[in-house]
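Below, each chain spelled out in residue letters.
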Amino acid sequence: MRVSDARVIVCSPGRNFVTLRVETDDGTWGLGDATVNGRELAVASYLRDHVVPLLIGADPFATEDTWQYLYKGAYWRRGPVTMAAIAAVDVALWDIKGKALGVPVHQLIGGRSREGVTVYGHASGGDLDEVVQAVARYLDMGYRAVRLQAGVPGLAGTYGVGRGDLYYEPASPGRPTEERWSTERYLDFVPRLFDRARQEFGFEVHLLHDAHHRLSPTEAAWLGQRLERYRPFWLEDPVPAELQSSYRHVRRHTTTPIALGEVFNSIHDCEQLISEQLIDYVRASTVHTGGLTHLLKVAHLAELYHVRTACHGPTDVSPVTMAAALQFDIAVHNFGIQEYMRHTPETDAVFPHAYHYDDGMLHPGDEPGLGVDIDEQLAEQYPYERSYLPVNRLLDGTVHSW
Ligand code: GCO
Ligand code: MG
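What you are looking at is a predicted structure, and each value in this text was computed from that prediction instead of being measured.

Basis of the calculations
- Residues numbered from 1 in each chain as written.
- Chains lettered and ligands numbered in written order.
- Predicted model: local features only at pLDDT ≥ 70, side-chain atom pairs only at ≥ 80, totals over all residues.
- Heavy atoms only, no water.
- Phe/Tyr/Trp six-rings, centres within 6.5 Å; stacked < 30°, edge-to-face > 60°.
- Helix = DSSP H or I, 4+ residues; strand = E, 2+ residues; numbered from the N terminus.
- Buried < 20%, exposed > 50% of the residue type's maximum accessible area, 1.4 Å probe, protein only.
- Domains from an automatic or database assignment.
- Contact = heavy atoms within 4.5 Å.
- Buried area = accessible area lost by both parts, 1.4 Å probe.
- Salt bridge = Lys/Arg side-chain N within 4 Å of Asp/Glu carboxyl O.
- Polar contact = N/O pair within 3.5 Å; in protein donor to acceptor, adjacent residues only side chain to side chain.

J.: Hey, could you go over the packing of aromatic side chains for me, with residue numbers and the actual values?
T.: Counting across every chain of the model gives 11 aromatic pairs. With a centroid separation of 5.3 Å and 85° between ring planes, the pair formed by Tyr 120 and Trp 234 is classed as edge-to-face. Highlighted residues: Tyr 120 in strand 4 (residues 117–125) and Trp 234 in strand 9 (residues 234–236), separated in sequence by 114 residues. Take Tyr 120 and Trp 234: they sit in the same class, and that class is buried. Ring geometry for Tyr 138 and Tyr 143: centres 4.8 Å apart, planes at 90°, overall edge-to-face. The same class applies to Tyr 138 as to Tyr 143, namely buried. Aromatic ring contacts, followed pair by pair, group Tyr 120, Phe 233, Trp 234 and Tyr 281 into a single cluster.

Here's what the structure looks like:
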């Protein structure tokens, strides 16, 4: 069995996605996601112009060798574009392997370790009352873990506040929109958000919060301390993590669990964070961290240090990545939680999938491979639309992390 063809499909059913479809000479095919939010066409070109020509004739079962060939063979290593392209190939090959052997991918990476994949949903709102209503809605749907994000009083727009009941999509067409940010107002507000949520819902539900890379280590430590009494499940991305050692300061001053890693693209981005036990959850995803082959190495390293997995699962990782994440989540021993930001009905129609939600958990299904497809005819009706994430500025106009 050999790879005979591969093509890149760019479509925008509600948002942009880049998908790789790999075919073999016996007619088996597999899918991989290569979406990098706001930089989609760079990965499409990387794949079309530089990777697909090298894939023809490859052994689809040799996932480790193909991964090393694309990573070391390019000479230029790492970075989101390179690693998303390698991920798309890798995940598509795992999909093919599963289909060729007639088993779901999780059977190839350890089999089932649990009955289902516990997920968290996104409760958000313009003010505290709206967030409380949103949490109640998720609890009614059976969720046992909910992320809290709310508009910060005195700030016009805030990261993480959704546009509808169940959907949150931060990217928008055209030039990036600009938001304004005050860390002081935010720090004053977040403990009140948790206080209100615990008063309303008690301590049974897990509550999470994402600081989206906006704090300094000292600010993060301060916030972590203030939140401890509300026992958050985690504080996510409090500080940009390029400087991994900066988390020593955060860790020394708070026992609030820390989650990091949605922007990591290699094990080297978290090696120190994991081995020094500076974080509790690693949020790396298959699409942005080199596919299943590489993410399994991250999970196995993390297992040694009591760090658990928590794959990124926003709308900009396609149902192909969600399917891959669930195969991974059900199998790895040190699974922690899975983010589940629902895709729009348009996205789900273009990517029919076997995974399904039931009572606070996602289930990967038992179809061979990943259990996800792409309706290419339908995808054609949704052409690419240039879109960007917002840019963030402090109140005095200084560019800040978004
Ligand atoms: C999350 C995230 C996302 C990102 C988005 C950027 O925790 O799910 O922070 O919402 O902002 O994936 O492309
Ligand atoms: Mg996040």
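That covers the picture; the talk isn't over yet.
J.: Summarise the domain arrangement of the chain; cite the residues concerned and give the values.
T.: When the domains of the chain are assigned, the result is domain 1 (3–103) and domain 2 (108–367). On a C-alpha basis, the centres of domain 1 and domain 2 stand 26 Å from each other. In this assembly, 31 residues from domain 1 lie in contact with 31 residues from domain 2. Between domain 1 and domain 2 lies a buried interface of about 2300 Å² when both sides are counted; carbon and sulfur atoms form 64% of it. Applying the counting rule to domain 1 against domain 2 returns three salt bridges. Here Glu 64 ties to Lys 297 by a salt bridge, and the two come within 2.9 Å at their closest N and O atoms. Summed over the shared surface of domain 1 and domain 2, the number is 12 residue pairs in polar contact (both at pLDDT 80 or more). Elements that contribute at least two residues to the side of domain 1 that touches domain 2 include exactly strand 2 (17–24), strand 3 (29–33), helix 2 (63–73) and helix 3 (80–101).

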